[in-house]
Amino acid sequence: MTSGPWTVKYTDRETMLYALGVGLGLDPMNRDELPFVYENGLKVLPSQATVVAWDNTILANSGVNFIMVVHGEERLVVHNPLPYEGEIECTGKVTGCYDKGAGKGAIILLETEIRDKATGIKLITIGMTIFARGDGGFGGPAGGGPEPHKLPERAHETAVAYKTLPSQALIYRLSGDRNPLHADPGFAEMAGFPRPILHGLATYGNACRAVTEAYCGWDPSRIVEFNARFSAPVFPGETLETQMWQDGNVISFRTRVVERDVIAINNGKAVIKD
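Given the structure is predicted, the values throughout are model-derived calculations rather than measurements.

A. Quick peek at the pattern of salt bridges. The tally for this structure, following the rule as stated, stands at 16 salt bridges. Across the pair Glu-113 and Arg-115 runs a salt bridge whose closest N-O atoms are separated by 2.8 Å. Glu-225 is the salt-bridge partner of Lys-269, the closest N and O atoms lying 4.0 Å from each other. Of this pair, Lys-269 sits in strand β10 (residues 262-272) while Glu-225 sits in strand β7 (residues 223-230); the two residues are 44 residues apart in sequence, bridging distant segments of the chain. On the accessibility criterion, Lys-269 (24% relative accessible area) is partly exposed. Several salt bridges converge on common partners, so that one network encompasses Glu-73, Arg-75 and Arg-229.

Below is the structure:
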């Protein structure tokens, strides 16, 4: 199953809105964060590609039960940096679908390729693992997604913590993902949550910000790969602490919700340029 190509045109406004949605710019006097939310010398987190290319056509046409869908993993490879504004062409496809059995759900692997519309240059490839909790038992092949990155067994070397805003999900959803799970208390209750949760990709972007600060000297163009597994929900207003390890050009990471001492993102792997 495929989708596209579809074309997206975005401006510096969308880039700054995304940065605000993942928590940058809370302190307007922070000169390191200002270039992500101010049009003078604007910088782009590579994780912004996940919202610029957002499209749910494949899932919408698949017949899965959306209320029971869980975003399991996100993978990103940067071939060329995403510009802060421009026109891109995207194509999507299913790369795998695995049956965990009746009552156990299904695993769906999706891939989106982003190219510059004018030049055809490949910018970013996005991989996604979806856990369709209500759709197992369809007779498909057994199996699952890619093997998770193994975190080092030693104590983490660096940690960066940011407190999210109570309104963080309401800001982030303006970048494109308007799933009511992140805004509507009634819908969140139907899905089994006491209140709306933060988008997993907002937490993913927050972790990308942490790696950019801790290991890239605030230069997001140094990140060439960024992969993570989602392991627990986050509620807007909670504090996210990203714990990190460095082994050469590989940064391993996980993100902890400080108030509840749970891991929201696990098995994280970033690859950075020298």
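B. Broad picture of helix α1 (residues 12-21). Of the residues making up α1, those classed as buried are Thr-15, Met-16, Leu-17, Tyr-18, Ala-19 and Gly-21. Gly-23 occupies a position one or two residues after α1 and carries a positive phi of about 100°.

C. Structural detail: the state of the cysteines. Considering all chains together, one arrives at zero disulfides under this definition. In this structure Cys-216 is not part of a disulfide, and its nearest cysteine sulfur, from Cys-208, lies 8.1 Å away. With a relative accessible area of 3%, Cys-216 lands in the buried category.

D. View of unusual backbone geometry. One non-glycine residue, Trp-218, lies in the positive phi region at around 65°. Here Trp-218 is to be found in the loop between α6 (200-215) and β7. At Asp-261, a position not held by glycine, the phi torsion is positive, near 50°. If you trace the backbone, Asp-261 turns up in the loop between β9 (250-257) and β10.

Rules behind the numbers
- Residues numbered from 1 in each chain as written.
- Predicted model: local features only at pLDDT ≥ 70, side-chain atom pairs only at ≥ 80, totals over all residues.
- Heavy atoms only, no water.
- Salt bridge = Lys/Arg side-chain N within 4 Å of Asp/Glu carboxyl O.
- Helix = DSSP H or I, 4+ residues; strand = E, 2+ residues; numbered from the N terminus.
- Buried < 20%, exposed > 50% of the residue type's maximum accessible area, 1.4 Å probe, protein only.
- Disulfide = S-S within 2.5 Å.

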